[in-house]
Amino acid sequence: MKAQAMTAFGAPLEPMDLTPQKPGPGEALLRVSRAGLCHSDLHIHDGYFDFGDIRQPVAIDMPAVLGHEIEGEVAELGEGVSAPAAGTRVAVYPWLGCNACDTCRAGDQQLCIALPRRALGVAKWGGMAEYVHVPFADALIPIGDLAPGLGALAMCSGLTAYSALKKIGTPPPEQPILLLGMGGVGLMAMALAKSVLPNPIIAADIDASKREAALSYGAVEAIEPTPEAWKAIASKRGGAAAAIDFVGAPATFGFGTAALRRGGKYIIVGLFGGKASLPLASLPLRPISIVGSYVGRLDEARELIALMRQGAIPAPPMHERPLDQANSAIDDLRAGKVLGRVVLKP
Ligand SMILES: [Zn+2]
Ligand SMILES: [Zn+2]
């Protein structure tokens, strides 16, 4: 199969002819039709995540195939698997664990730490290829007639946004929710928020075109992330019951935690990196909580696809490019030139 493979961290991807693994019992093979390009692909391509004082290295065997937002048609099923039938359009839940440990049995495959790692496009070959081997056929989620690319996006940016929104819980419906950073995941959260929460949603971004996009997706206000801009909002609506940080940088953390009302919840999703400090006494005294959210669960992925198939959610901006333009797509994403999502087509 043709693939755009990574042979060394930081080096351009190379066209390669690879042989996909045959599906064994319980497994499946997927013919890829779309693979979304995500910021996490850039971090994996760099070879590390920025943890502030240290760089957390990425452990991956070369050649590697990136792409964890995968959509396609079932090509072949392994022994003991009868559904979804060959030819069915599916999205693939890529955040696979061992499927055997306590964490996986509780439904949190995305948090599994068993080795070898199994996440597709992260540890195992992913979607920047003609085929993907899927180690558990359970991970295939039929998408019906969803617009091409939407199922792929649902599995990372969509799922990440959905799982973070669900962590907000049920604050009083008049209290505002703040979404910080209107990149691919932030805009997806904006599009999903109305289906998950009754609260008014306020977007913050430094880029005027992204604020504009947030308004068109249902934000009641879209502001620059400055204390003055927030003060104007807070004087009429009160502090935020929750904020989701889709950037994860010291600046967004400082702005966003200050915007919370007493008892508010700060949910960090973005992997921009760096370090932040805060007065420890503010945790009990305000009293706020700070939690992280990492992609989402398989059952949440199924819920999300069901919501999308009901047509409740508009498609975010998608830009299709042929798979062999993966390198220029990566360069554009790195340069911040992408509004919404680039979707590669083998
Ligand atoms: Zn991703
Ligand atoms: Zn596990």
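One can find the structure itself at the top, above this paragraph.
Below is a summary of the structure that appears in this document. For clarity, every value in this text was computed on a predicted model and none was experimentally measured.

## A few points about the environment of Tyr-131
At step 1: Looking at the secondary structure, you find Tyr-131 in strand β8 (residues 131-134).
At step 2: A relative accessible area of 25% places Tyr-131 in the partly exposed class.
At step 3: With 55 residues separating them in the primary sequence, Tyr-131 and Glu-76 have C-alpha atoms 10 Å apart.
At step 4: Aside from chain neighbours lying at most four places away, what touches Tyr-131 is Met-1, Pro-20, Leu-29, Leu-30, Arg-31, Val-32, Ala-75 and Gly-126.

## A closer look at the coordination of the zinc ion (ligand 2)
Each donor-metal-donor angle would ideally measure 109.5 degrees in four-coordinate tetrahedral geometry, or 90 or 180 degrees in six-coordinate octahedral geometry.
At step 1: Looking at the zinc ion (ligand 2), the protein donor atoms are Cys-98 (SG), Cys-101 (SG), Cys-104 (SG) and Cys-112 (SG), and they sit 2.3 to 2.4 Å from it.
At step 2: Each of the 4 donor atoms around the zinc ion (ligand 2) contributes to a set of angles spanning 104 to 115°, which defines the coordination as tetrahedral.
At step 3: Counting residues between consecutive donors of the zinc ion (ligand 2) along the chain gives the motif C-x2-C-x2-C-x7-C. Of this pair, Cys-98 sits in the loop between β7 (89-92) and α2 (102-105) while Cys-112 sits in the loop between α2 and β8, and the two are 14 residues apart along the sequence. Each member of the pair, Cys-98 together with Cys-112, is buried.

## A closer look at the nonpolar core
At step 1: Tyr-93, Val-134, Leu-179, Met-190 and Ile-244 are the most contacted members of the largest nonpolar core, which has 68 residues in total.
At step 2: Per element, the largest residue contribution to this core is 10 residues, and it comes from helix α3 (residues 150-166).
At step 3: If you count residues domain by domain, this core takes at least three from each of domain 1 (2-158 + 296-345) and domain 2 (168-292).
At step 4: Contacts of Tyr-93, omitting those with residues within four sequence positions, involve Gln-109, Gln-110, Ala-139, Ile-141, Met-155, Leu-159, Gly-296, Arg-297, Leu-298 and Ala-301.
At step 5: In this structure, Met-6, Val-58, Ile-330 and Val-342 belong to the second largest nonpolar core, which totals 23 residues.

## Some details on the coordination of the zinc ion (ligand 1)
At step 1: Of the protein atoms, only Cys-38 (SG), His-68 (NE2) and Cys-156 (SG) coordinate the zinc ion (ligand 1), at distances of 1.9 to 2.2 Å.
At step 2: Of note, the donors binding the zinc ion (ligand 1) are all from one chain and are spaced C-x29-H-x87-C. Within this pair, whereas Cys-38 is found in the loop between β3 (28-37) and α1 (39-46), its partner His-68 is found in the loop between β5 (55-57) and β6 (69-77), the two being separated by 30 residues in sequence. The pair formed by Cys-38 and His-68 is uniform in burial state, with each residue classed as buried.

## Focus: helix α5 (residues 208-216)
Residues spaced three or four apart along an α-helix point in a common direction, a consequence of the helix completing one turn every 3.6 residues.
At step 1: Of the residues making up α5, those classed as buried are Lys-210, Arg-211, Ala-213 and Ala-214. All buried residues of α5 fall inside an arc of 160° around its axis, so they share one side. Within α5, the exposed residues directed more than 90 degrees away from the buried face are Glu-212 and Ser-216.
At step 2: Contact partners of the buried residues in α5: α4 (184-196), β11 (201-204) and β12 (221-223).

## Brief notes about unusual backbone geometry
At step 1: At the junction of Met-62 and Pro-63, the peptide bond is cis and its omega measures out at -5° in the coordinates.
At step 2: Relative to the elements of secondary structure, Pro-63 occurs in the loop between β5 and β6.
At step 3: In this chain, Ala-83 is followed by Pro-84 through a cis amide linkage whose omega measures -5°.
At step 4: The backbone of Asn-99 sits at a positive phi, close to 70°, despite the residue not being glycine.
At step 5: With respect to the helices and strands, Asn-99 occurs in the loop between β7 and α2.
At step 6: Owing to a relative accessible area of 35%, Asn-99 belongs among the partly exposed residues under this scheme.
At step 7: Despite not being glycine, Val-295 shows a phi value in the positive range, around 40°.
At step 8: Position of Val-295 relative to the elements: it lies in the loop between β15 (289-292) and α9 (298-309).

Parameters and conventions
- Residues numbered from 1 in each chain as written.
- Chains lettered and ligands numbered in written order.
- Predicted model: local features only at pLDDT ≥ 70, side-chain atom pairs only at ≥ 80, totals over all residues.
- Heavy atoms only, no water.
- Helix = DSSP H or I, 4+ residues; strand = E, 2+ residues; numbered from the N terminus.
- Buried < 20%, exposed > 50% of the residue type's maximum accessible area, 1.4 Å probe, protein only.
- Contact = heavy atoms within 4.5 Å.
- Donors = N, O, S within 2.8 Å, 3.2 Å for Na, K, Ca; no water.
- Tetrahedral: all angles 85-135°; square planar, octahedral: opposite > 155°, others 65-115°.
- Core = buried A, V, L, I, M, F, W, Y, C linked by side-chain atoms within 4.5 Å.
- Domains from an automatic or database assignment.
- Arc of directions from axis to C-beta.

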